[in-house]
Structures are given as C-alpha cells and as structure tokens.
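Here is how the chains run, residue by residue.
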Amino acid sequence: MTRRLALVLPLLLAACASEPDPAPTDTAPVAAADSATAAGPASPCTAASPPADDDSLTVVVLGNSLTAGYGLPDPGTQAYPALVERRAREAGLPVRVVNVGVSGETSAGGLRRVAWVLGSARPDVFVLALGANDGLRGLDPEAMQANLEGIFGCVREAAPEARLVLAGMETLPNYGPAYGERFRAVFPAVAARFDAARIPFLLEGVGGVARLNQPDGVHPTAEGQRVIAETVWATLGPILRATAPS
C-alpha cells in the first residue's frame, strides 16, 4: 500500500492544480442536512427510464474526468467505458455502456446528478467511480460515504434489479495516515452495505506511471485508459457474463 501511494502521489499532487473544477457547491464537504444515506438521499430519486427494447445489457458508469476521458483526442472511443463495451462485444456479450463521467465531479455532485442519469438510462449494471476529487480536496470521508451510499440507494430504488459495482480510489498521503485510513475504508464499507462488486483501485498500474499519463501528469493517455479498461473488465466481465441473456 505504501508503494502504491508513493506511485500515485505525483499524479494526485498535479491534479490539485489541473483537474477541472466542478460547480462551487462541490468544493466543500456536504453538510449533514445535505448528505444522504441509502434510506433517504437528499437528492430525490426517480424511476429509471424503461428498459431497452432489445436484449442488450446497459452499463451506466458515473464518474469524473478519468471516466469522461478528459484530454483524449476522441473520448467517445478511447475512454475506458467505450473500451469495456468493445471488450464485451468482442466476447459476444450484447452490452451498451453509457458514459456519464463529468470532469471535476465529486461524490456530492454525483448525488445531485444521479436522478437525471437514471431518468436517461435504465442500468442493468451501475458502475460508480467517484471519490478521487473528494480526496484531492481533503473532504470529509464520512460525507463522501453518505453521498456514495445515497447514489447507490437511488439506483436500488429506481432499478432494483441492477447489479452494482464500486471503483476504489486512493488519496493524498500528506493529509496524514488517519485521513488516508478513513478515506480508504469508505469503499469496502459502501460495497459491503450494498452487496456491490468492488474494483480495489481504479488507477492500478496507471497512477504515477509517466508514460501512461498525459503531460499534466494527471489524466491517462489512450494507453493508460486501456490499462484501466482491463482493470475494470476483470471485475465487470464476470458480472456481464452472468447477467447476459442466454
């Protein structure tokens, strides 16, 4: 774990300066009255859109710039959600991946946006890849956990049959070991509460590796996105095979 943090530290430090900022409301911890739990998110849930007419599986990926493919020449084909869709189709699985990543997104922003997301696409599998920007800003891990739980709670309410996947993230060592431990503990706790599959670390093999990141040292190159796609596929592939119609 110490080695992983040492590798990812240059990427995260650079991100503090170059990650596109979200709306001002996302730059501070969510207040208790604005945070959410699985039982009662502050952001109202909505019924998901109707299922697709064909037999394809819909995978919705809610994330930040890492998911959006920030800085890539063609995010629509080079960001990891598109690569995962291609991988699935090569495996003979009828999968449509909907990328709803937004640069600068925090867990609070994701909670405020999830109702709109669910109204636009009904997920068979929902991948939640938020938290990196919470860690960059040193936001309260308990508020982040409440937001992540609120997002999954909305998904469960709107699409009860959807399989859930949570991508883990690391944070800055310079916030101190206690903060790092609290931050890191959020992801397994949320996954356990919602019986979600967990990707231990989204940037495994990419964070801090210069040749896999753009000149800003923050955002993965197309090659780095391919590594992320394989990391995601290792968890998502078995779920899709088990969920796909015979």
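Keep in mind that this is a model prediction, so the values were computed, not measured. (Residues numbered from 1 in each chain as written. Predicted model: local features only at pLDDT ≥ 70, side-chain atom pairs only at ≥ 80, totals over all residues. Heavy atoms only, no water.)

Enquirer: Looking at this structure, how should I read the sheet that holds strand β3 (residues 125–129)?
Expert: The strands that make up a sheet pair up through hydrogen bonds in the backbone, lying either parallel or antiparallel. Judged by pairing direction, the sheet is parallel, and its five strands sit side by side in the order β2-β1-β3-β4-β5 without closing on themselves. Of all strands in the sheet, those with a lone pairing partner are β2 (95–99) and β5 (197–199), marking the two edges. Averaged over all pairs of adjacent strands, the angle between strand axes in this sheet comes to 20°, irrespective of strand direction. Where strand β1 (residues 57–63) and β3 come together, five bridges link them in parallel fashion. The partner of V59 across the bridge, within β3, is V125. In the packing of helix α8 (residues 177–194) onto the sheet, the strands contacted are β4 (163–167) and β5, and the crossing angle to β4 comes to about 175°. (Pairing = 2+ DSSP bridges. Helix = DSSP H or I, 4+ residues; strand = E, 2+ residues; numbered from the N terminus. Axes fitted to C-alpha atoms, helices over the stretch in contact; angles between N-to-C directions. Contact = heavy atoms within 4.5 Å.)

Enquirer: In this structure, what is going on with the side chain of T171? I would like to understand it.
Expert: Mapping T171 onto the fold places it in the loop between β4 and α8. Note on T171: relative accessible area 4%, which makes it buried. At a separation of 3.2 Å, a polar atom in the side chain of T171 contacts the main-chain carbonyl oxygen of G135. (Buried < 20%, exposed > 50% of the residue type's maximum accessible area, 1.4 Å probe, protein only. Polar contact = N/O pair within 3.5 Å; in protein donor to acceptor, adjacent residues only side chain to side chain.)

Enquirer: In this structure, what is going on with empty space enclosed by the protein? I would like to understand it.
Expert: In total, this model carries three cavities of 30 Å³ or more according to the counting rule given. The calculated volume of the second largest cavity comes to roughly 40 Å³. V59, V61, Y80, P81, V84, V97, V127, V232 and L236 together form the lining of the second largest cavity. Counting residues per element, the ones that place at least two in the lining of the second largest cavity are β1, α4 (80–90) and α9 (222–243). Looking at which element gives the most residues to the lining of the second largest cavity, the answer is α4, with three residues. (1 Å grid on protein atoms, 1.4 Å probe; cavity = no way out; pocket = protein on both sides within 12 Å on 5 of 7 lines; lining within 4 Å. Points joined across faces, edges and corners; volume = space filled by probe spheres on them.)

Enquirer: What's the story with the packing of aromatic side chains in this structure? I'm lost.
Expert: Geometry of an aromatic ring pair is reported as the spacing of the ring centres plus the angle between the planes. One pass over the structure, following the stated rule, counts five aromatic pairs. Seen in terms of ring centroids, F152 and F194 are 5.6 Å apart; in terms of plane orientation they differ by 55°. Their pairing is tilted. A residue pair is termed long-range when its members are at least 10 positions apart, and F152 in helix α7 (residues 141–158) and F194 in helix α8 qualify at 42 residues. The same class applies to F152 as to F194, namely buried. Seen in terms of ring centroids, F183 and F187 are 5.5 Å apart; in terms of plane orientation they differ by 65°. Their pairing is edge-to-face. Of the two residues, F183 and F187 are both situated in helix α8; the distance of four residues between them amounts to about one turn of the helix. (Phe/Tyr/Trp six-rings, centres within 6.5 Å; stacked < 30°, edge-to-face > 60°.)

Enquirer: Would you explain the packing of helix α5 (residues 107–120) against α7 in this entry?
Expert: Contact geometry for α5 and α7: axes closest at 8 Å, N-to-C directions at 10°. The pairing of α5 with α7 is recorded here as roughly parallel in orientation. Across the interface between the two elements, S107, A108, G110, L111, V114 and L118 from α5 touch M144, N147, L148, G150, I151, C154, V155 and A158 from α7. Classifying every residue of the contact of α5 with α7 by side-chain character gives 10 nonpolar, four polar and no charged. (Parallel < 35°, antiparallel > 145°, perpendicular 65-115°, else oblique. Nonpolar A, V, L, I, M, F, W, Y, C, P; charged D, E, K, R; others polar.)

Enquirer: Please explain the nonpolar core as it appears in this structure.
Expert: By size, the foremost hydrophobic cluster in this structure holds 65 residues, and its most contacted members are F126 and L240. Residues within four places of F126 in sequence aside, it is in contact with V60, L62, V114, I151, F152, V155, R163, L164 and V165. (Core = buried A, V, L, I, M, F, W, Y, C linked by side-chain atoms within 4.5 Å.)

Enquirer: Which parts of the structure should I look at to understand the packing of α4 against α9?
Expert: Packed helix pairs are characterised by how far apart their axes lie and by the angle those axes make with each other. The interhelical angle for the contact between α4 and α9, taken along N-to-C directions, is 50°, at an axis separation of 9 Å. Comparing their axes, α9 and α4 come out oblique. The chirality of how α4 crosses α9 is right-handed. Contacts between α4 and α9 involve Y80, L83, V84, R87 and A88 on the former and, on the latter, Q225, R226, I228, A229, E230, V232, W233, L236 and L240. Of the residues contributing to the contact of α4 with α9, the split by class is 10 nonpolar, one polar and three charged. (Left-handed = near helix turned anticlockwise from the far one by under 90°.)

Enquirer: So what exactly am I meant to see when it comes to the environment of G153 here?
Expert: With respect to the element layout, G153 can be found in helix α7. A relative accessible area of 7% places G153 in the buried class.

Enquirer: Explanation requested: unusual backbone geometry in the structure shown.
Expert: Trans peptide bonds make up the majority, and among non-glycine residues the majority have a negative phi. Of note in this structure, D195 is not a glycine but carries a positive phi near 55°. By secondary structure assignment, the location of D195 is in the loop between α8 and β5.

Purely spatial values, then, with no claim about function.
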